[in-house]
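This is what each chain is made of:
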Amino acid sequence: MEVFGSRRKSSVDAVPTIPLYRSAPELEVRLEDFELYAVSRLRVLKGISDGLSRGKKSNEMENLVKELWKVNMSHPDASEVLNKDIISHFVLRLVYCREEELRKWFLSMETTLFRYRFLNETADAQRALIAEFNLPYKAVSSAEYESLYDKLNQVFRAYSIQSLPTAYTTYYKVPFEQVPDLVASRRVFILKGYAYVAMNQVLSLLVTQYRSLLSKALVLTNRKWTSMIREQEKDRLTPIVEALSTSYLGPDYSQPKDHAEISLKDINQIAKSSFPLCMRHLFDKLREDHHLKHGGRMQLGLFLKGVGLKLDDALAFWKSEFSRKVGAERFDKEYAYGIRHNYGKEGKRTDYTPFSCQKIISSTPGVGDHHGCPYRHFSEENLRAALNKMGVSNRALEDVMDKVRNRHYQLACTLTFEAVHGISYDQGVNHPNQYFSDSQIFLESKLTGTEKN
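No experiment lies behind these values; they were computed from the predicted model shown.

K.L.:
Whenever I open this one, the sheet that holds strand β5 (residues 194-198) confuses me. Can you help?
P.N.:
As a general point, the strands of a sheet are linked pairwise by backbone hydrogen bonds and lie either parallel or antiparallel. Across the sheet, three strands lie side by side as β3-β5-β4; this open sheet has antiparallel pairing. Taken across any chain shown, the strands that pair with only one partner, and hence form the sheet edges, are β3 (171-175) and β4 (189-191). The average angle at which neighbouring strand axes cross in this sheet is 35°, direction not considered. Sheet topology note: the β4/β5 ladder contains three bridges and is antiparallel. Along β5, the bridge assignment pairs L191 with Y194. In this fold helix α7 (residues 149-158) packs onto β3, β4 and β5, with an angle of close to 145° to the strand it touches most, β4.

What follows is the structure in structure tokens.
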């Protein structure tokens, strides 16, 4: 796969409905498609990750994947749909091959995507894909099937309201370690190290094979990236590849959306009711210490800009706190410039955007710093105390802590939002300013409803 500025060859040759991505296609890819297609697929994978983290059931995941794929992976030109699928996979393979943690996440999400895409296919398409794998397993003979019928039927009845047909039904003998999900759920009969897998359970074999193929491919891609691609493409593709794994895919909140501005007289109440924990902690520390280090000033300052604090009010707000510790003159000399810079009034006059959850989670606060994500960077004791202060009940708090222990930090924040506001929040928290905006919308609608009653 080669990347070019604008040209594009014709579509790839016909392949099964779900590609196995065994080798990169001989395609010329426009630079803009290289990134756009990858972002589209990344939205699908992150949607899957969120669904799994929220404990969605298999049928719910099947519907979720179908909808995510429809929304993100369609193309105005029907002949380009397959190309978009293949190109996006190989771009993200390049993005996620570079570190062990990235490889694990990508492998898990792509395997899950494969599983539910298979389930959404027609029977003919499923059979074609099974044939494409060329599985090295022999079907159980009719004689062996008859001799084991009672055992096979016993397992079959455990998860089906029907009995296994007495007439010969296709089963495969497979080393049990190759179908771990079927073994874990006790959906197969095991004898002498072999699992007896029914035809309708073959998906488990395919998933195992697919995972193995992709795992090996990621290792090989990493070697190519390290030895050759990274240096060769340092001025063109490398910056895109390195940014995609931590990219935020939602609104940038550089300008306040639904709530045009906040006033200094209301900021204390708004912080208490609608700031996410990361910003509330910074706000409280600023009030307590009358100072924040650079990382904290950036994280809180850009957040406040995004929620509608005007530049003049921002200068007054920060000066009122900092002057109590460093004096008004020193504030004007050393700190006021940075605030004006964040608002695009100094230096290159860049309109800086508030930090996303991903950026905050990936930060590395040092001693004396208060920025970062509390769900990731706080000790358990401090996090519990902070959540109690926000009014999170004991039962909800344990659910939050469970997500934290499993490193689902954004989902932990989502559960906090639900606990504080007493509502379900299915879209999940991806940005502190999203948390604030949706909190304000909910509180205003609640107030309006109370006034009507």
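After that view of the structure, there is still more to cover.
K.L.:
How do you make sense of the pattern of salt bridges when you look at a structure like this?
P.N.:
Note on pairing: side chains with opposite charge can pair once their charged atoms come close. The full count for this structure, using the stated rule, is 23 salt bridges. Its salt-bridge partner being R22, residue E132 comes within 3.7 Å of it at the nearest N-O pair. Linking E132 in helix α5 (residues 123-133) with R22 in the loop between β1 (2-4) and β2 (28-30), this pair joins segments that are 110 residues apart in sequence. Accessibility expressed as a relative area gives 34% for E132, which makes it partly exposed. Members of the salt-bridge network, linked through shared partners, are R41, D85, E110 and R117.

K.L.:
Could you clarify how one ought to interpret the pairing of β5 in this entry?
P.N.:
Each regular strand carries side chains that alternate between the two faces of the sheet. Among the five residues in β5, four count as buried, and that is most of the element. Note that β3 and β5 share five bridges and pair antiparallel. Bridge pairing in β5 links Y172 to V197. What sits between β4 and β5 in their antiparallel hairpin is a turn of two residues, with K192 showing a positive phi close to 55°.

K.L.:
What is the right way to read α7 from this model?
P.N.:
For the α-helix, the turn length of 3.6 residues means that residues three or four positions removed from each other point alike. Within the span of α7, buried status applies to Y149, L152, N153, V155 and F156. Buried residues of α7, seen end-on, are gathered within an arc of 165° and therefore sit on one face of the element. Opposite the buried face of α7, at more than 90 degrees from it, the exposed residues are D150, Q154 and A158. Looking at the packing, one finds that the buried side of α7 touches α6 (142-147), β3, β4 and β5.

K.L.:
Hey, could you run me through the packing of aromatic side chains in this one?
P.N.:
The geometry of an aromatic ring pair is captured by the separation of the ring centres together with the interplanar angle, meaning the angle of the planes. Per the stated rule, a full pass over the model turns up 21 aromatic pairs. An angle of 45° between the planes, with centres 5.7 Å apart, marks the rings of F189 and Y196 as tilted. F189 gets classed as buried once you look at its relative accessible area, which sits at 13%. Measuring from ring centre to ring centre gives 6.0 Å for F283 and F317, while their planes differ by 10°; the resulting arrangement is stacked. Highlighted residues: F283 in helix α12 (residues 277-289) and F317 in helix α14 (residues 311-326), separated in sequence by 34 residues. The residues F283 and F317 share a single accessibility class, namely buried. Ring-pair connections join several aromatic residues into one group, and the members of that group are F275, F283, F303, F317, W318, F322, F331, Y335 and F436.

Reading the values: rules and limits
Residues numbered from 1 in each chain as written. Predicted model: local features only at pLDDT ≥ 70, side-chain atom pairs only at ≥ 80, totals over all residues. Heavy atoms only, no water. Pairing = 2+ DSSP bridges. Helix = DSSP H or I, 4+ residues; strand = E, 2+ residues; numbered from the N terminus. Axes fitted to C-alpha atoms, helices over the stretch in contact; angles between N-to-C directions. Contact = heavy atoms within 4.5 Å. Salt bridge = Lys/Arg side-chain N within 4 Å of Asp/Glu carboxyl O. Buried < 20%, exposed > 50% of the residue type's maximum accessible area, 1.4 Å probe, protein only. Arc of directions from axis to C-beta. Phe/Tyr/Trp six-rings, centres within 6.5 Å; stacked < 30°, edge-to-face > 60°.

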